[in-house]
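Structural characterization, general
Each chain is listed here by its residues.
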Amino acid sequence: MNIDKILMTPGPTNVPKRVLNKMAQNMIHHRTDEFANIFKEFNERLKYVFQTDNTVLTFPSSGTGGLEASIVNMLSKKDKVLIVSIGVFGDRFADIARIYDIEVDKLDVPWGKGVEIKDIKSRLTDEHKALIITHNETSTGANNDIKKIGEFMKNKKQLYIVDAVSSLGAIETKMDDWNIDVLVSGSQKALMSPPGLSFIAVSKKGWKYNQKSNIPKYYFDFKKAKDRMDKELPQTPYTPAVSLIVGTNEALKMIQKEGIDNVCKRHERLACMFREGVKNMGLEFFVDEKYQSNTVTSIKMKNKAVDIKTIMEEEFNIVIAAGQGKLKNEIIRIGHMGCVDEEMIEKTLHALEEAIKKF
Ligand SMILES: *Cc1c(COP(=O)(O)O)cnc(C)c1O
C-alpha cells in the first residue's frame, strides 16, 4: 500500500488506520447475535449522523445504487417528478428516473451555481410526485440550500428526495428538522470509509409512497430491508458486507466522539483555510462564493487540469481530481472531506503552488 499518498479527492477519501484495522478482523457470521448487536449499534450511529429517528437502511453498493434504489422504491411508472440538476450527479439522478419510465421535469441550473428557491417554487406543481435534488454537487463544488428548500417542502404532498452522498458527515444535514423524506448517502466520502455501502433513510410519508410503488425490485427492496432491520436483533435480508459495516461502524464512532456539529465546523474551517490559500495564489474559483462547498473546491485551470493533477500526484503524492464531463480539463477538484486536518491542507496548497509554477 502506498501509505504516503494523500487522497484529496472528492471520494474515495482517506480511511483512518483505526477503520482499516477493524476490517482486517476475521469474518463474523451475519446470522449471529454478535453481528446483530453490531448492526444495531451501527444503525443508531447512522441515525445520529442523519439526524433522524427513522431507520437507516444499509445496502452493499456505491452511492449510485442508493439513488437508483430510492427511485424504484418510492415512485411508480409514469409518475412525474421535478429534478433539480446543478451538475453530473443531478443529471445522473434524472437518467436513472427516466430508465424506470418516470416522467422527468428537469430544472437545469448553470454549472457552478446552486438553485434559487424561487425557481423551485415556480416550477413545482401538484402533478409532481417528488422533488429530487443534490445537496453537494461533487462535479462542480456547489451546494443547494437543502434547509431552506426543506422549509418550503414542509407539509407538501410531494416527496423531498435528497442526494447527500458527498455532504453527509461534513456539511450540516438534518433529515427530520429539514422535512427530508428520502436521504441517500454512501460510505466513501465524508464518512471516512471504503467504497461499497449506501445508506438510505425514509420518512413516514415516504413509506406511504413505498406501499404504492409499482416498479419491480428484488435485491434493493426497502420494505424487506426495513422489516429485518426493525427486529430486536436486526439483520439484513441477504448476506451483508460484514467487513465494510464493521469498518464504517468504527468511522461513525469517531464522528460521534467528535460530535457531528464539531465535525461540520472542522470542515468549514478547513475549507475556508483552503480557499484562502487558493485566493492568495491568484487562482480563480469555478463556483461563486455564495454556493461554495465545504467538501469540494473547484478551481479554473484552462486546459491544464489533467497536467496539474498529474504533477501533484507524481511529485507530491497528493491525489486530486480533474473535472467531470464537459469540465474534464477545465477545472481541478480538490476534496477536503472526512479524514482531513490542517497539515494535509497545507501540503495540498504547497503542492498546488509548485505545480502551477511549472506553467
Ligand atoms: C459520489 C457521489 C455519488 C455516488 O457515486 P458512486 O460512485 O456511485 O458512489 C452520488 N452523488 C453524489 C453527489 C456524489 O458525490
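Residues numbered from 1 in each chain as written. Predicted model: local features only at pLDDT ≥ 70, side-chain atom pairs only at ≥ 80, totals over all residues. Heavy atoms only, no water.

Topic: the packing of helix 11 (residues 305-316) against helix 12 (residues 342-357)
Two numbers describe how helix 11 lies on helix 12: the axes approach to 9 Å, and their chain directions differ by 120 degrees. Our classification of the angle between helix 11 and helix 12 gives oblique. In this structure, the crossing between helix 11 and helix 12 has a hand that is right-handed. In contact with I308, I311, M312 and F316 of helix 11, helix 12 contributes T348, H350, A351, L352, E354, A355 and I356. (Axes fitted to C-alpha atoms, helices over the stretch in contact; angles between N-to-C directions. Helix = DSSP H or I, 4+ residues; strand = E, 2+ residues; numbered from the N terminus. Parallel < 35°, antiparallel > 145°, perpendicular 65-115°, else oblique. Left-handed = near helix turned anticlockwise from the far one by under 90°. Contact = heavy atoms within 4.5 Å.)

Observations concerning the site of the ligand
Taken together, 13 residues sit near the ligand, with S62, T64, T138, D163 and K189 positioned nearest. Here D163 contributes a side-chain N or O atom positioned 2.6 Å from a nitrogen atom of the ligand. In the environment of the ligand, an oxygen atom lies 2.7 Å from a nitrogen or oxygen atom belonging to the side chain of Q188. For the ligand, whose unbound accessible area comes to 380 Å², protein coverage reaches 88%. Contributing elements (two or more residues each) for the shell around the ligand: helix 3 (63-74) and helix 4 (88-99). When grouped by side-chain class, the residues that make up the shell around the ligand number 2 nonpolar, 8 polar and 3 charged. (Near = heavy atom within 4 Å. Polar contact = N/O pair within 3.5 Å; in protein donor to acceptor, adjacent residues only side chain to side chain. Areas by Shrake-Rupley, 256 points an atom, 1.4 Å probe, with all protein chains shown as cover. Nonpolar A, V, L, I, M, F, W, Y, C, P; charged D, E, K, R; others polar.)

Quick notes on the domain arrangement of the chain
The figure often quoted for interface size is the accessible area lost as the parts come together. Parsing the chain into structural domains produces domain 1 (6-12 + 259-357) and domain 2 (17-256). The C-alpha centroid of domain 2 is placed 26 Å from the C-alpha centroid of domain 1. Each partner contributes to the roughly 2300 Å² buried at the junction of domain 1 and domain 2, and carbon and sulfur atoms together form 59% of this total. Among the residues of domain 1 in contact with domain 2, I260, Y291 and Q324 are the three that bury the most area, contributing 28% of the side total. For the interface between domain 1 and domain 2, the tally reads 2 salt bridges. Applying the counting criterion to the domain 1 and domain 2 interface returns 13 residue pairs in polar contact (both at pLDDT 80 or more). Elements with a contribution of two residues or more to the side of domain 1 that touches domain 2: helix 10 (260-280), strand 11 (296-300) and strand 14 (331-335). For the side of domain 1 that touches domain 2, the leading source of residues is helix 10, giving 5 residues. Its residues assigned to classes, the side of domain 1 that touches domain 2 shows 13 nonpolar, 10 polar and 5 charged. (Domains from an automatic or database assignment. Buried area = accessible area lost by both parts, 1.4 Å probe. Salt bridge = Lys/Arg side-chain N within 4 Å of Asp/Glu carboxyl O.)

Section: the packing of aromatic side chains
What the rule picks out here adds up to 8 aromatic pairs. With centroids separated by 5.9 Å and ring planes inclined at 65 degrees, the aromatic side chains of F42 and F199 adopt a geometry described as edge-to-face. Of this pair, F42 sits in helix 2 (residues 33-50) while F199 sits in strand 10 (residues 197-202); the two residues are 157 residues apart in sequence, bridging distant segments of the chain. Taken together, a centroid distance of 6.0 Å and an interplanar angle of 25 degrees make the contact between Y218 and Y238 stacked. Placement of Y218 in the loop between helix 7 (204-212) and helix 8 (222-229) and of Y238 in the loop between helix 8 and helix 9 (242-258) is noted, with a sequence separation of 20 residues between them. Classification of Y218 by relative accessible area gives exposed; the value is 59%. The class for Y238 is partly exposed, based on a relative accessible area of 26%. Across the ring face of F89, the terminal group of K189 is positioned such that the distance to the ring centre comes to 5.4 Å. (Phe/Tyr/Trp six-rings, centres within 6.5 Å; stacked < 30°, edge-to-face > 60°. Buried < 20%, exposed > 50% of the residue type's maximum accessible area, 1.4 Å probe, protein only. Lys NZ or Arg CZ within 6 Å of the ring centre and 35° of its normal.)

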